[in-house]
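Tertiary structure, described
The chain contents come next:
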Amino acid sequence: MGWDFEQAGKFGSEKAADDYARRNNIDPRDVQITRKGEEIELNIRRSALDRRNLRDNGEGRRDGWG
């Protein structure tokens, strides 16, 4: 069975994407960080997003929720 993930944005570095997930208390098992060329894409498992208000101060972010 596969998991459904929601795109959480593009970041300038893997560290910035990881920091964003940690600031929002997302379990590392619910996160996918992938490199696409020069961009880093963060995806979060949908079940981890239920009823969650993600904090976004824009640090390191290139797009996504905002």
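Not measured: the values here are computed from a predicted model. (Residues numbered from 1 in each chain as written. Predicted model: local features only at pLDDT ≥ 70, side-chain atom pairs only at ≥ 80, totals over all residues. Heavy atoms only, no water.)

This brings us to the nonpolar core. Core analysis: the biggest nonpolar cluster contains 13 residues, and Phe11, Ala17, Ile26, Val31, Leu42 and Ile44 have the highest contact counts within it. Mapped onto this core, the elements with two or more residues apiece are strand E1 (5-11), helix H1 (14-23), strand E3 (39-45) and helix H2 (46-49). Looking at this core, the element that brings in the most residues is H1, giving four residues. When residues no more than four places from it in sequence are discounted, the contact partners of leucine 42 are Glu6, Gln7, Ala8, Gly9, Phe11, Ala17, Tyr20, Val31, Gln32 and Ile33. (Core = buried A, V, L, I, M, F, W, Y, C linked by side-chain atoms within 4.5 Å. Buried < 20%, exposed > 50% of the residue type's maximum accessible area, 1.4 Å probe, protein only. Helix = DSSP H or I, 4+ residues; strand = E, 2+ residues; numbered from the N terminus. Contact = heavy atoms within 4.5 Å.)

If you trace the backbone, arginine 45 turns up in strand E3. Along the sequence, arginine 45 and phenylalanine 5 sit 40 residues apart, while their C-alpha atoms lie 4.2 Å from each other. Apart from the residues lying within four places of it in its own chain, the contact partners of arginine 45 are Trp3, Asp4, Phe5, Arg29 and Asp30. Engagement of the side chain of arginine 45 in a polar contact is seen with the backbone oxygen of arginine 29, the distance being 3.1 Å. (Polar contact = N/O pair within 3.5 Å; in protein donor to acceptor, adjacent residues only side chain to side chain.)

Under the definition given, this model contains one aromatic pair. Judged by centre distance (5.5 Å) and plane angle (45°), the ring pair of phenylalanine 11 and tyrosine 20 falls under tilted. The pair phenylalanine 11 / tyrosine 20 is uniform in exposure class, with both members buried. (Phe/Tyr/Trp six-rings, centres within 6.5 Å; stacked < 30°, edge-to-face > 60°.)

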